[in-house]
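# Survey of secondary and tertiary structure
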Amino acid sequence: MSLDPTVTCAHCGDDCPDQTITFETHYFCCHGCLSVYQILNENGLTQFYDINSNPGNRPKDSNEHRYLYLENEEICNGILDFQDGDLARVSLFIPSIHCVSCVWLLENLNKVSEAVIASQVNFLKREAQISFNQDKVSLKELAELLDKIGYAPIFEKKKTKENQPKRDQRTLIKKMAIAGFCFGNIMLFSFPEYLNPDRTFAENYRDFFSGIILALSIPVLIYCARDYLISAYKSIRIKQLNLDVPISIGIIALYAKSCFDIIYGNGPGYMDSFAGFVFFLLIGKWFQSKTYDYLSFERDHGSYMPLASTVIKDEQHLITPIHEIKVGDQLLIHNDEIIPTDGILLSQESLIDYSFVTGESRSTKKLENEKVYAGGRVLGSQALILCEKVSNQSYLTDLWKQKVFDKQKESPLKRTTDMLSRYFIYAVLVVAGISGILWAFIDHHEIPNVLIAVLIVACPCALALSFPFTYGNTIRAMGKHGLYLRNSDVVDQMTGITDIVFDKTGTLTLNKGQNIQFSTDLHERDIKLICSLCRHSIHPLSRSIYDAFKDKVKSHYNVSKFEEIKGKGMSAVVDSAAVRIGSADFLGSQTDHEMTTVFVEIDGHLLGHFSIEQKLRHGVTELLEALKSRFTLHLLSGDINSDDTLFKPHFDQDKLVFNKQPEDKLNYINSLQNQGKKVMMLGDGLNDAGALRASDFGISVSDDIYSFSPACDGIIDAKKIEKLPHHLDLSQKARLVLKASLLFSLFYNLIGLGFAISNNLSPLVAAIIMPLSSISIVTLTTLGIRFYQGNLYKKP
Amino acid sequence: MEVIFILVGVSTVIALIFLGAFFWANNNGQYDDHETPAIRMLFDDELIEKKTKDNTHGNTKV
């Protein structure tokens, strides 16, 4: 077999490092991929590879403990949607669903396992709903099967109201359908009157038509418009006027006047305007509510924690739900599992990765009797831990219980609209009063008609549509370019930002893949000496050097007389050689390097230095360059000051802050806010959660928008992070568009008032003005945002 | 012209039937997921072909 350097894995499409793993005529990068291929091949599902080229996910290393917690019945019952006898149905969140082939394979899961009855995928939500036979396969086995073929499901604690948004959406669509239906039909039955104003035609049918119109209007009032009326009633009761109050006044005025007209035989009234008005309002609401509800913006530490852990009691391994773990229990945490509570390590030693809690990207080694905290991920061999605190009192939970998480962010946008609607109501009352006085002199019989007409045209329908359509279009535009906002209300919060705070690790720099080079060639023994020493330090630079070279050494020397001087370096006797590793001044050397350097001295002889280059994310340099002149930039890092050379050109010296704990980050944001700044925070991971929440606008940076991201206002796709300045620009332009459309809608109100005050507001005029104003507002905002979107995101 | 009563009645009933059909579709969840059905329709036919192939191979299930 000749070696072809371009051979890629037939399953996942990665390069095959050695072309030894083959099956039939295909090459595979690893045994995991091969076994998936074999499973699919045996079951006649190779179609999977025809729909999309190299569609597969590389399965994670097999781990028999990964789904152990699903043996616990209580947990299973919490996860299953439905069970009846042997039939069970479950909705699984599978983030690795990414293409057409995935959907095909998962929906043909019944070919792989007989126990699966049916499966249906929701592609946007990355969710598979699987019905299966409980007698033949347990939930655990099902999860393991999916894991084996590269679709590992993720189980999270069930949210109590999970189906709520779906049902709300359906109700809203139903309301829209009814309002639209009634609007169209009322208009149809009003036509004879409009075409024949002197009312000579079809005299016999007039009452019949009016009756139908009245009947059609009832569901619109009591079903479709209900939310607005209730909300207005509530806001009047607590004496805080919101936009629903003038809307409801308009609705009621329209409806009352129309009923009066119909009952007294004066014509069809304004019922078509009324139904059309409600219809357009509902469209606005629907447009606004169609957001990224398949992304999760509200995850807290609970969704990061495991559902259960193994408790050892009387030599028995019991799978116990987290909330039932008691102080004094012995927990067995397997490789790659997360420690659920604070405790003391009972095993000899254990490697724990705290990157999610601290943001520090390297794993730390813990020895027997050392304290371990909840949220750490055990790497390597399993760890035995004595529980010291129950899970809802752990350090991690305490962090989360800080006040910032309790307070509901008040939306400034709501304040603006509430203020607007207050002015609106006053203005309407004043205008109504003046026109009433005027008509008292002209013809006092017409006063009620004029007053009602004023109330009708003053209804801020166009105003109410401006907000949802401007901001709804804006978040769609941003979503197309990699920023997904929680909802359309938060757009406005982006506009006044003065300071932008970045987290370092994972946000600006990549977690993995540093460039580490030594100034000269290293002998094998030297590498071994250096690795043996670095292994003992938890300093991030030592860890980087160790990680870079650990594959080249098979064993380690014994280290004695180990001494570490904080911020300088360390020395020890390694295999009878005196090794010193550290900064230039620690070893009395000179450095003029831009990069971070670590010098090495063996037996008094300076060997050379490592130069370590942190890799920035793609586009970060351009991003910082573009933002620098417009905002004050800050950098917060959990790391010890290790590579500020990389960031010096972009940040002021005093804005580079290292060695920050999660609480410090939060306090930093708060102190900026106390100085009157509006702060945007970019972070990733749980350690930034507090800061993200406290900031005026928190953005979580994520390589995979479906994976875990802490509670935030928006999620930005890390690959498109350089577009952030454009997003900020667009939010400003959105405000401009909003102002324009508000002016426009006021203009319509003024025209309407002209008709109303002169007592010329016939049903026909109302039926033209109302839809016209709504449609023109929708067009104006949509075109406005489209225009700026095209302008701003254009490739330079 | 009295026929107009019947015509209006019939047309309203037909319109209501369509409204009802829309409600049924909505309650049935047909408007919940706009993306996957578009993907699913791409491979419906091939599935049947695969089934016959399966039988000739006499495959083993895992």
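Residues numbered from 1 in each chain as written. Chains lettered and ligands numbered in written order. Predicted model: local features only at pLDDT ≥ 70, side-chain atom pairs only at ≥ 80, totals over all residues. Heavy atoms only, no water.

### Some details on the overall build of chain A
Across its full length, chain A holds 25 helices and 28 strands. Taken over 796 residues, chain A has a buried fraction of 54%. Surface summary for chain A: the accessible area is close to 36,300 Å², and the carbon and sulfur share equals 54%. (Helix = DSSP H or I, 4+ residues; strand = E, 2+ residues; numbered from the N terminus. Buried < 20%, exposed > 50% of the residue type's maximum accessible area, 1.4 Å probe, protein only. Areas by Shrake-Rupley, 256 points an atom, 1.4 Å probe, with all protein chains shown as cover.)

### Thoughts on the overall build of chain B
A count of helices and strands for chain B gives three helices and zero strands. Taken from N to C terminus, the helices and strands of chain B fall in the order α-α-α. For chain B, with 62 residues in total, the buried portion stands at 21%.

### Structural notes on the sheet that holds strand S4 (residues 87-93) of chain A
Across a sheet, strands are paired by hydrogen bonds formed along the backbone, either parallel or antiparallel in direction. All names here are of chain A. What the four strands build is an open sheet, ordered S3-S4-S6-S5; its pairing is antiparallel. Strands at the two margins of the open sheet, each flanked by one partner only, are strand S3 (82-84) and strand S5 (116-122). Geometrically, the sheet is characterised by an average inter-axis angle of 15° between neighbouring strands, direction not taken into account. Here S3 pairs with S4 via three bridges, running antiparallel. Along S4, the bridge assignment pairs Gln 83 with Ala 88. (Pairing = 2+ DSSP bridges. Axes fitted to C-alpha atoms, helices over the stretch in contact; angles between N-to-C directions.)

### Remarks on the pairing of strand S6 (residues 127-133) of chain A
Residues and elements named next belong to chain A. Counting buried residues in S6 gives five out of seven residues, a clear majority hidden from the surface. In this sheet, S6 lies alongside S4 in antiparallel orientation, the contact comprising seven bridges. If you follow Val 90 over to S6, its bridge partner there is Ile 130. In this sheet, S6 lies alongside S5 in antiparallel orientation, the contact comprising six bridges. Looking at S6, one finds that Ala 118 is bridged to Ser 131. Linking two consecutive strands that pair antiparallel, namely S5 and S6, is a turn of four residues; a positive phi of about 55° is found at Arg 126 within it.

### Some remarks on the pattern of salt bridges
All names here are of chain A. For the structure on display, the rule yields 14 salt bridges over all chains. Linking Asp 503 and Lys 665 is a salt bridge whose minimum nitrogen-to-oxygen distance equals 2.9 Å. Pair noted here: Asp 503 is in strand S17 (residues 499-503) and Lys 665 is in helix H22 (residues 662-674), with a separation of 162 residues, a long-range link. Residue Asp 503 shares its accessibility class with Lys 665, and that shared class is buried. (Salt bridge = Lys/Arg side-chain N within 4 Å of Asp/Glu carboxyl O.)

### Topic: the interface of chain B and chain A
Between chain B and chain A, the contact holds 33 residues from the first and 34 residues from the second. Across the chain B/chain A interface, buried area totals approximately 3,200 Å², and carbon plus sulfur atoms make up 64% of it. Here chain B is connected to chain A by zero salt bridges. There are four residue pairs in polar contact (both at pLDDT 80 or more) connecting chain B and chain A. With eleven residues, the top contributor of residues to the side of chain B that touches chain A is helix H1 (residues 3-27) of chain B. Of the residues contributing to the side of chain B that touches chain A, the split by class is 15 nonpolar, eight polar and ten charged. (Contact = heavy atoms within 4.5 Å. Buried area = accessible area lost by both parts, 1.4 Å probe. Polar contact = N/O pair within 3.5 Å; in protein donor to acceptor, adjacent residues only side chain to side chain. Nonpolar A, V, L, I, M, F, W, Y, C, P; charged D, E, K, R; others polar.)

### Quick look at the nonpolar core
All names here are of chain A. The biggest cluster of nonpolar side chains holds 112 residues, and the ones touching the most others in it are Ile 500, Phe 502 and Met 680. For this core, the element with the most residues is helix H18 (residues 461-480), which contributes eleven residues. Residues from two domains meet in this core; each of domain 2 (161-290) and domain 4 (482-510 + 617-731) gives at least three. Aside from chain neighbours lying at most four places away, what touches Phe 502 is Leu 508, Leu 623, Leu 624, Leu 627, Leu 633, His 634, Leu 635, Leu 636, Phe 651 and Leu 682. Residues Val 36, Val 103, Leu 106 and Ile 319 belong to the second largest nonpolar core, which totals 58 residues. (Core = buried A, V, L, I, M, F, W, Y, C linked by side-chain atoms within 4.5 Å. Domains from an automatic or database assignment.)

### Regarding the confidence of the model for chain B
For chain B, per-residue confidence averages 73 on the pLDDT scale, and 66% of positions sit at 70 or higher. Predicted confidence in chain B is weakest over helix H3 (residues 44-57) of chain B, with a mean pLDDT of 45, and strongest over H1(B), with 91. (pLDDT = per-residue confidence, 0-100.)

### Focus: the packing of aromatic side chains
What characterises a pair of aromatic rings is the spacing of the ring centres plus the angle enclosed by the ring planes. Summed over all chains, the structure comprises 17 aromatic pairs over all chains. One aromatic cluster in this structure is built from A:Phe189, A:Phe208, A:Phe209 and B:Phe5. Sitting over the face of the ring of A:Phe123, A:Arg126 holds its NZ or CZ atom 4.9 Å from the ring centroid. Lying across the ring of A:Tyr557, A:Lys528 places its NZ or CZ 4.6 Å from the centre. (Phe/Tyr/Trp six-rings, centres within 6.5 Å; stacked < 30°, edge-to-face > 60°. Lys NZ or Arg CZ within 6 Å of the ring centre and 35° of its normal.)

### Let's talk about the sheet that holds strand S11 (residues 349-353) of chain A
Residues and elements named next belong to chain A. With antiparallel pairing, the three strands of this open sheet are ordered in space as S12-S11-S14. Two strands bound the open sheet, and with one partner strand each, they are strand S12 (364-367) and strand S14 (377-379). When strand polarity is set aside, the average angle formed by the axes of neighbouring strands in this sheet is 45°. Summarising the sheet, S11 and S12 pair through four bridges and their orientation is antiparallel. Bridging across to S12, Ile 352 finds its partner in Thr 364.

### Examining helix H16 (residues 412-442) of chain A
Between its first and last C-alpha, H16(A) extends 45 Å over 31 residues, near the 45 Å set by a 1.5 Å rise per residue. Its buried side turned inward, H16(A) meets helix H10 (244-263), helix H17 (447-457), H18 and helix H24 (724-757) of chain A. (Expected span 1.5 Å × (residues − 1).)

### Notes on unusual backbone geometry
Residues and elements named next belong to chain A. Phi angles above zero are rare outside glycine, and Lys 239 is one such case at about 60°. Of note, Lys 239 is situated in the loop between helix H9 (226-237) and H10. Of note in the backbone geometry, Asp 603 takes a positive phi value of approximately 50° without being a glycine. With respect to the helices, strands and loops of the structure, Asp 603 is situated in the loop between strand S22 (596-602) and strand S23 (605-613).

### What to know about helix H6 (residues 139-148) of chain A
All names here are of chain A. Counting buried residues along H6, seven of its ten residues qualify, which places the element largely inside the surrounding structure. Among the structural elements, helix H3 (73-79), S4, helix H4 (100-107), helix H5 (109-112), S5 and S6 are those in contact with the buried residues of H6. The first or second residue beyond H6 is Gly 150, which carries a positive phi of 90°.

### Here's the deal with the environment of A:Tyr557
Residue and element names in this part refer to chain A. As for its position among the elements, Tyr 557 is in the loop between helix H20 (540-549) and strand S19 (559-565). Through-space distance from the C-alpha of Tyr 557 to that of Cys 531 is 8.9 Å; in sequence the pair is 26 residues apart. Apart from residues no more than four positions distant in its own chain, Tyr 557 is found in contact with Arg 525, Lys 528, Leu 529, Ser 532, Val 574 and Asp 575.

### A word on a nonpolar patch on the surface
On the surface, B:Val3, B:Phe5, B:Ile6, B:Leu7, B:Val10, B:Ile14 and B:Phe18 cluster together to form a nonpolar patch covering roughly 670 Å² of accessible area. With respect to the helices and strands, the residue B:Ile14 is situated in helix H1. (Patch = residues over 30% accessible without salt bridge, like charges linked within 9 Å, V, L, I, M, F, W, Y side chains within 5 Å.)

### Re the packing of H16(A) against H24(A)
All names here are of chain A. Two elements in contact, H16 and H24, have axes separated by 12 Å at closest approach and are oriented at 20°. Considering the angle they form, H16 stands roughly parallel to H24. Handedness of the crossing formed by H16 with H24: right-handed. Contacts between H16 and H24 involve Leu 420, Phe 424, Val 431, Ser 435 and Trp 439 on the former and, on the latter, Leu 742, Leu 746, Asn 749, Leu 753 and Ile 757. Tallied by class, the residues present in the contact of H16 with H24 amount to eight nonpolar, two polar and no charged. (Parallel < 35°, antiparallel > 145°, perpendicular 65-115°, else oblique. Left-handed = near helix turned anticlockwise from the far one by under 90°.)

### Some details on the confidence of the model for chain A
Averaged over all residues, the pLDDT of chain A equals 80, while 87% of them reach at least 70. When pLDDT is averaged over each element of chain A, H9(A) comes out on top at 91 and helix H15 (residues 403-406) of chain A at the bottom at 58.

### Some remarks on the side chain of A:Thr781
All names here are of chain A. Mapping Thr 781 onto the fold places it in helix H25 (residues 763-792). Given the relative accessible area of 0%, Thr 781 is considered buried. Setting aside residues up to four positions removed in sequence, Thr 781 forms contacts with Ser 466, Phe 469, Thr 470, Asn 473, Val 737 and Ser 741.

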